[in-house]
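Structural description and commentary
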Amino acid sequence: MNRLKIRASQIPSIGWIIIFLGGIALLIGTIIGLFYGFASIPGFASIIFLVIGFFVIRNTGSSIGNAMIIGFFALMGMAVDQPGNPIYNQPIGIWQCPDGTQLNRGINVTHPLPERTDITQEFTCVDENGTLVKRIGMGYVILVRLIEYLALGYLLMGVNNLRRMLRRGSRDDDELIKPATG
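The following refers to the structure shown.

Cut-offs and rules
Residues numbered from 1 in each chain as written. Predicted model: local features only at pLDDT ≥ 70, side-chain atom pairs only at ≥ 80, totals over all residues. Heavy atoms only, no water. Patch = residues over 30% accessible without salt bridge, like charges linked within 9 Å, V, L, I, M, F, W, Y side chains within 5 Å. Areas by Shrake-Rupley, 256 points an atom, 1.4 Å probe, with all protein chains shown as cover. Salt bridge = Lys/Arg side-chain N within 4 Å of Asp/Glu carboxyl O. Buried < 20%, exposed > 50% of the residue type's maximum accessible area, 1.4 Å probe, protein only. Helix = DSSP H or I, 4+ residues; strand = E, 2+ residues; numbered from the N terminus. Polar contact = N/O pair within 3.5 Å; in protein donor to acceptor, adjacent residues only side chain to side chain. Pairing = 2+ DSSP bridges. Axes fitted to C-alpha atoms, helices over the stretch in contact; angles between N-to-C directions. Contact = heavy atoms within 4.5 Å. Phe/Tyr/Trp six-rings, centres within 6.5 Å; stacked < 30°, edge-to-face > 60°.

**Some points on a nonpolar patch on the surface**
- Judged by side-chain polarity, Ile 14, Ile 17, Ile 18, Phe 20, Leu 21, Ile 24, Ile 28 and Ile 32 come together as a nonpolar surface patch covering roughly 790 Å² of accessible area.
- The class of Ile 14 is exposed, set by a relative accessible area of 51%.

**So, the side chain of Arg 145**
- Tracing the backbone through its elements, the reader meets Arg 145 in helix α5 (residues 138–177).
- Separated by 3.4 Å, the side chain of Arg 145 and the backbone oxygen of Tyr 88 make a polar contact.

**Let's talk about the sheet that holds strand β2 (residues 118–126)**
- Strand order in the open sheet formed by three strands is β1-β2-β3, with antiparallel pairing between adjacent strands. The two strands at the open ends of the sheet, each matched to only one other strand, are β1 (102–110) and β3 (132–136). Taking each pair of neighbouring strands and ignoring which way they run, the sheet shows an average axis angle of 35 degrees.
- Looking at chain direction, β1 and β2 are connected through nine bridges and run antiparallel. Within the sheet, the bridge partner assigned to Leu 103 lies in β2 and is Cys 125.
- Packing against the sheet, helix α4 (residues 86–96) makes contact with β1, β2 and β3, and its axis sits at approximately 115 degrees to β1.

**Overview of the packing of aromatic side chains**
- What the rule picks out here adds up to six aromatic pairs.
- Relative to Phe 55, the ring of Phe 54 lies with its centre 5.2 Å away and its plane at 80 degrees, an arrangement referred to as edge-to-face.
- With a relative accessible area of 57%, Phe 55 lands in the exposed category.
- Seen in terms of ring centroids, Tyr 88 and Tyr 149 are 5.7 Å apart; in terms of plane orientation they differ by 90 degrees. Their pairing is edge-to-face. Linking Tyr 88 in helix α4 with Tyr 149 in helix α5, this pair joins segments that are 61 residues apart in sequence. Tyr 149 shares its class with Tyr 88; the two are buried.
- By way of ring pairs, the aromatic residues Phe 49, Phe 73, Tyr 88 and Tyr 149 are connected into one cluster.

Okay, structure coming up:
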């Protein structure tokens, strides 16, 4: 099968300009998309952090290494995942909203200066009519997020340890089953 092979030297300068501008547009679009997703879509950052955490958080064997990895994971989760998701937001509603109210998360988008957009998370408790009963401060939300991501970090480390033990155990079983050669 003949494959078309193009060498970099065969691409004309206009082709390189298009590739270069396309790369810049893709980079900028990705940054804007991530910013919008992190700030506006509940669960977007939670899923990304869960996947990254699963592959990154490993038991290093030293307590200081584990503390550094999980601490960094928790601080990044706290700072970036402010919207949370319905599961992560449950403790906030349970601990802060009075009986007969429910947690409501919204965003407040402002443009204080030209070419600047501020997105602020708003956590409130509302009654069945949608009337505001209580505002929950972001300091409290951030503290809850930190605790949640610390717990999630240790949970992911435990899952990875369990996965490693099971894999090691299956290798040991395979070695016991192999017939002796001689």
